[in-house]
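Below, each chain spelled out in residue letters.
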Amino acid sequence: MNQRTKNNLDSFYAQISQDDKTLYSEIIDFLLALGYTPKKQAVNDLMFSFTHPKTKKVIAKIGIRNGKVSFAIKFFGCKTC
């Protein structure tokens, strides 16, 4: 993960409560461990899409939308190498 992405995630953590930070940092760390990379979306709100480099599929979106923490995850099957 590059420094700019790390700074964006730190900005996200700074805007949420400590309880939410504990929950979402575990989810984000798990997605990173699975090989998904966060990318800041080009929207007015602070949102991140987590994409796998091999499949190019977005599995989760996490961020702040309309002043509230938002989390969306997709469930699908795909062939892995």
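About the criteria used
Residues numbered from 1 in each chain as written. Predicted model: local features only at pLDDT ≥ 70, side-chain atom pairs only at ≥ 80, totals over all residues. Heavy atoms only, no water. Core = buried A, V, L, I, M, F, W, Y, C linked by side-chain atoms within 4.5 Å. Buried < 20%, exposed > 50% of the residue type's maximum accessible area, 1.4 Å probe, protein only. Helix = DSSP H or I, 4+ residues; strand = E, 2+ residues; numbered from the N terminus. Contact = heavy atoms within 4.5 Å. Expected span 1.5 Å × (residues − 1). Arc of directions from axis to C-beta. Polar contact = N/O pair within 3.5 Å; in protein donor to acceptor, adjacent residues only side chain to side chain.

(A) Quick look at the nonpolar core. The biggest cluster of nonpolar side chains holds 15 residues, and the ones touching the most others in it are Phe-12, Ile-28, Leu-31, Phe-50 and Ile-62. Put simply, the parts of the chain that give this core at least two residues each are helix H1 (3-14), helix H2 (18-33), strand S2 (46-51) and strand S3 (58-65). Sorting elements by how many residues they give to this core places S3 first, with four residues. Excluding anything up to four places from it in sequence, Phe-12 contacts Tyr-24, Ile-28, Leu-46, Phe-48, Ile-62, Gly-63, Ile-64 and Val-69.

(B) Summary view of H1. Across its 12 residues, H1 extends 16 Å between first and last C-alpha, which sits within 8% of the 16 Å expected from 1.5 Å per residue. Buried within H1 are the following residues: Thr-5, Leu-9, Phe-12 and Tyr-13. Buried residues of H1, seen end-on, are gathered within an arc of 100 degrees and therefore sit on one face of the element. Seen from the open side of H1, the exposed residues pointing more than 90 degrees away from its buried face are Gln-3, Arg-4 and Ala-14. Buried residues in H1 make contact with H2, strand S1 (37-40), S2, S3 and strand S4 (68-73). Two to three positions downstream of the cap, the backbone nitrogen of Arg-4 sits 3.3 Å from a side-chain oxygen, assigning the N-cap of H1 to Asn-2.

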